Amino acid sequence: MSWNARRGLLRLGLFLIFQSVTVTVLLSRNNDDVGLEGTTNEEHFEKNYHRLSEHSRDDDNSFLPRILAIVFPQYHQDPLNDLIWGTGFTDWNNLNATPELNRDGIPILRPTELGYYDYAQEEPRRRQGLLAKQYGIDGFIFHHYWFYDKSHPGPTLGRPLENMLLDGYPNISFCLHWCASKWINTWSGAKVNPNFKYPKKNTMQQQFYPDNDEQALKHYHWLRKFFHHPNYIKVDDKPLFMMYEKKPSSISVLQKFQEFAKKDGFPGLYLTVGLMKPHSHLINKNNVNNSEELERSPQRSGFVKGVNIFDKVLNYPKPLAWNHALEIPNWCGKENATRVDEIPGILSSFDNTPRRSVQDAMIWSPGPSEEVLHAFETNLHAALYYESCCFDDKAKKTPDRFLVINSMNEWAEGMALEPSNVYGRKFLEAIRRTKQTLQTRRCQLNDLPE
């Protein structure tokens, strides 16, 4: 039998495996927790998922970029939150104290199937990872907090990640996303612990950056446990390490990390930085009501003092006007098209009423749920199509193609792909539907969401 014939049979087998997994999920829809409560379905899915994922970046599957969802780990007790907000505080406190409706009369997002979990526990992480994989999310981006402040040095909100190394859940590809900013008090909806003393006006936790190797090396030693994990996302064998914002003072630390990584057996780190800017190729300025918002964008590149240490920029999915209107460029698919070094970011929805007063909240997705879902699916299709169809074959299959969704579980800002009282599983269904459409129909623009 020829190699082409054998490869054809392999593809057919993988297709049938995928269909088997899909049927299992669909047939279990009579249970409110589809595929999450029945261990038989879970074991079946896990087994077939790993068989399929061995080939996940080959042939048909490498046609699409990897979809990564941001995960917030703060749903567990942490010493710094205890100090600032009171013992046992988590973001669930903010959500539970919020009225049922926002000021526009729209229900506040609340979790259904996964509930108000303790993210340090194994079970919610296991179920979350399984749910993500069932609907085509390729990996998680975990927010990572590390302070160099002497009053509270080291990792914060890191217990779920450390527990993941012990119990293996969520069992999904992942990377870390360093939120290196200081913490300031912008939560008008929550009351600070009366015994807490601000180190500086309105600053709850300061951030400093070391000028010596010792402190940076301690940080790297914590990170390397994850970099060496088999599920950690790598680009050309380089661990993907993301920065939430461009912090000029952090550049020297990142340069030290690069040196440490090379001594640690890696070719280096693949670094990205989140910037408050629209994607250069996916935005139509005519569809943005406030054009001034585009002009005053403060961070346009990864350069700091003439030096750019970042491999790519993430168009961080913030609740700004340009994220309402992603469009496939009209030159898509033409010869000599050049991809920009940017990662598209997609916002699911946004309403930070739980962290603000009802009147002061920012509501980015104020319409009916059907409109919010349609906008999400349209933007998702545009970004996936752009990465998959706008460039030549060689550029299409590079391993550094990602699409970032904000977020899997930021409940206190109304951003959650996890099942909710408002959207159910519809965000997840939109992801799976859009991926399946593009994998089947490829680069046909008549497949835009209706």
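Structure report, in brief. (Residues numbered from 1 in each chain as written. Predicted model: local features only at pLDDT ≥ 70, side-chain atom pairs only at ≥ 80, totals over all residues. Heavy atoms only, no water.)

Overview of helix α6 (residues 159-167)
Owing to its 3.6 residues per turn, the α-helix brings residues three or four apart onto one side. Taken as a whole, α6 has its buried residues at P160, L161, N163 and M164. The buried residues of α6 occupy an angular sector of 160° when the element is viewed end-on, so they sit on one face. In this structure, the buried residues of α6 make contact with α5 (122-134), β2 (139-147), β4 (174-178) and α7 (213-227). Once α6 finishes, G168 follows within two positions and takes phi at roughly 85°, a positive value. (Buried < 20%, exposed > 50% of the residue type's maximum accessible area, 1.4 Å probe, protein only. Helix = DSSP H or I, 4+ residues; strand = E, 2+ residues; numbered from the N terminus. Arc of directions from axis to C-beta. Contact = heavy atoms within 4.5 Å.)

Points about the packing of α7 against helix α8 (residues 251-263)
Remark: α7 packs on α8, axes separated minimally by 10 Å, with the N-to-C direction vectors making an angle of 60°. When the interaxial angle is binned, α7 and α8 end up oblique. Our pair here, α7 against α8, has a crossing hand that is right-handed. When α7 is examined against α8, the residues D213, A216, L217, H219, Y220 and L223 are found in contact with a partner set consisting of K256, F257, F260 and A261. Classifying every residue of the contact of α7 with α8 by side-chain character gives 7 nonpolar, 1 polar and 2 charged. (Axes fitted to C-alpha atoms, helices over the stretch in contact; angles between N-to-C directions. Parallel < 35°, antiparallel > 145°, perpendicular 65-115°, else oblique. Left-handed = near helix turned anticlockwise from the far one by under 90°. Nonpolar A, V, L, I, M, F, W, Y, C, P; charged D, E, K, R; others polar.)

Overview of the state of the cysteines
Disulfides are covalent bonds that connect the sulfur atoms of two cysteines. Taken as a whole, this structure holds 2 disulfides when the rule is applied. Each sulfur in the disulfide pair C332 and C390 lies 2.0 Å from the other. Negative torsions about the S-S bond denote left-handed disulfides, and the value of about -105° found for C332 with C390 makes this one left-handed. Placement of C332 in the loop between β10 (312-315) and β11 (342-343) and of C390 in the loop between α10 (369-389) and α11 (393-396) is noted, with a sequence separation of 58 residues between them. In this structure, C332 and C390 share a single accessibility class: buried. A disulfide bridge connects C389 with C443, and the sulfur atoms are separated by 2.1 Å. The sign of the -85° torsion about the S-S bond sets the C389-C443 disulfide as left-handed. Of the two residues, C389 sits in helix α10 while C443 sits in the segment after α12 (426-441), which places them 54 residues apart along the sequence. Take the cysteines of the protein that form disulfides and number them in order along the sequence; they join up as 1-3, 2-4. (Disulfide = S-S within 2.5 Å.)

So, the pattern of salt bridges
Counted according to the given criterion, the structure contains 14 salt bridges. The shortest N-O distance in the salt bridge between E100 and R110 comes to 3.8 Å. In this pair, E100 sits in the loop between α4 (91-96) and α5 while R110 sits in the loop between α4 and α5, placing the two residues 10 residues apart along the sequence. With its nearest N and O atoms 2.6 Å apart, the salt bridge here joins E113 to R425. Of this pair, E113 sits in the loop between α4 and α5 while R425 is found in the loop between β13 (402-406) and α12, placing the two residues 312 residues apart along the sequence. For E113, a relative accessible area of 16% translates into the label buried. Among the charged side chains, a network of salt bridges with common partners joins D91, R355, E410 and E413. (Salt bridge = Lys/Arg side-chain N within 4 Å of Asp/Glu carboxyl O.)

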